[in-house]
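Fold and geometry: a report
So the chains spell out like this:
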Amino acid sequence: MLALYLVVTLLASAVTGLAAVANLIGHDYPKRQADNMRVPRSWMLPLGLLLGAGALGLLAGFAVPALGTLAAAGLVLYFLGAFAAHLRARDYHFGPWGAFFSLAVAALAVNLAYHGPW
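Reference entry: report on the structure contained in this document.

Of regular secondary structure, the protein possesses 5 helices and 0 strands. Secondary structure of the protein in N-to-C order comes out as α-α-α-α-α. Taken against the 2.2 N^0.38 rule, which gives 13 Å for 118 residues, the C-alpha radius of gyration of the protein at 14 Å falls within 12% of a compact globule. Overall, the C-alpha framework of the protein stretches about 40 × 25 × 20 Å when taken along its three principal axes. Each of the 118 residues in the protein was classed as buried or not, and the buried ones make up 39%. Long-range contacts, defined here as pairs at least 24 residues apart, represent 72% of the contacts in the protein between residues at least 6 apart. Within the structure as shown, the protein displays about 6600 Å² of accessible surface, and the carbon and sulfur contribution to it stands at 75%.

What follows is about the environment of Asn23. Among the structural elements, Asn23 can be located in helix 1 (residues 2–25). Remark: the alpha-carbon pair of Asn23 and Ala106, spanning 83 residues in sequence, is separated by 23 Å. Among residues more than four places away in sequence, those in contact with Asn23 are Pro30, Met44, Leu47, Gly48, Leu51 and Tyr78.

With that settled, consider the pattern of salt bridges. All chains considered together, the criterion is met by 1 salt bridge. Arg41 is the partner of Asp35 in a salt bridge, and the nearest nitrogen-oxygen pair spans 2.6 Å. A residue is classified by how much of its surface remains accessible, and Asp35, at 41% relative accessible area, is partly exposed.

Turning our eyes to something else, we now look at a nonpolar patch on the surface. Side chains of Met1, Leu2, Leu4, Leu6, Leu10, Leu56, Leu59, Phe62 and Tyr114 sit close together on the surface and give an oily, nonpolar patch of about 810 Å² of accessible area. Put simply, the parts of the chain that give the nonpolar patch at least two residues each are helix 1 and helix 3 (44–60). Of the residues forming the nonpolar patch, the biggest block, 4 residues, is contributed by helix 1.

For the rest of this paragraph, the subject is the environment of Phe101. Residue position: Phe101 is located in helix 5 (residues 95–115). In sequence terms Phe101 and Phe79 are 22 residues apart; their C-alpha atoms lie 5.7 Å from each other. If we ignore the near neighbours within four places in the chain, the residues touching Phe101 are Val76, Phe79 and Leu80.

Turning next to unusual backbone geometry. A positive phi angle, near 60°, is found at Arg38, a position not held by glycine. Among the structural elements, Arg38 can be located in the loop between helix 2 (28–36) and helix 3.

Judged by nonpolar contacts, the single largest core of 20 residues is most densely connected at Leu51, Leu58, Leu75, Phe79 and Ala107. Those elements that place two or more of their residues in this core are helix 1, helix 3, helix 4 (65–88) and helix 5. A per-element tally of this core places helix 5 first, with 7 residues. For Ala107, the residues in contact, after removing those within four places along its chain, are Val8, Ala12, Leu58 and Ala72.

Rules used throughout
- Residues numbered from 1 in each chain as written.
- Predicted model: local features only at pLDDT ≥ 70, side-chain atom pairs only at ≥ 80, totals over all residues.
- Heavy atoms only, no water.
- Helix = DSSP H or I, 4+ residues; strand = E, 2+ residues; numbered from the N terminus.
- Rg over C-alpha atoms; globule rule 2.2 N^0.38 Å.
- Buried < 20%, exposed > 50% of the residue type's maximum accessible area, 1.4 Å probe, protein only.
- Contact = heavy atoms within 4.5 Å.
- Areas by Shrake-Rupley, 256 points an atom, 1.4 Å probe, with all protein chains shown as cover.
- Salt bridge = Lys/Arg side-chain N within 4 Å of Asp/Glu carboxyl O.
- Patch = residues over 30% accessible without salt bridge, like charges linked within 9 Å, V, L, I, M, F, W, Y side chains within 5 Å.
- Core = buried A, V, L, I, M, F, W, Y, C linked by side-chain atoms within 4.5 Å.

So this is what it looks like as structure tokens:
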């Protein structure tokens, strides 16, 4: 169980961290996605910071398990909000979203399974 917890948490943190960096440096892909979802580009920095906080929170969960669980839950909520943005914009291309959401759910599941609810 420890190996699964480590792999899923590190993978989710790395992927989420890369997405945060892409938002924070103004990479073209997040800009296009924001335009497609009709999300103001001024939200790129706050959304990138939320992703970065989630990635760091997952890593902090190795030292303080409750932080990892809360970070994973926060990422699940973040990506549910992204799903709502896709639906609002009538964009039904859920491939990348599904990958991010699945990793966040998996991170939450392994955190709860390995550490318990609190």
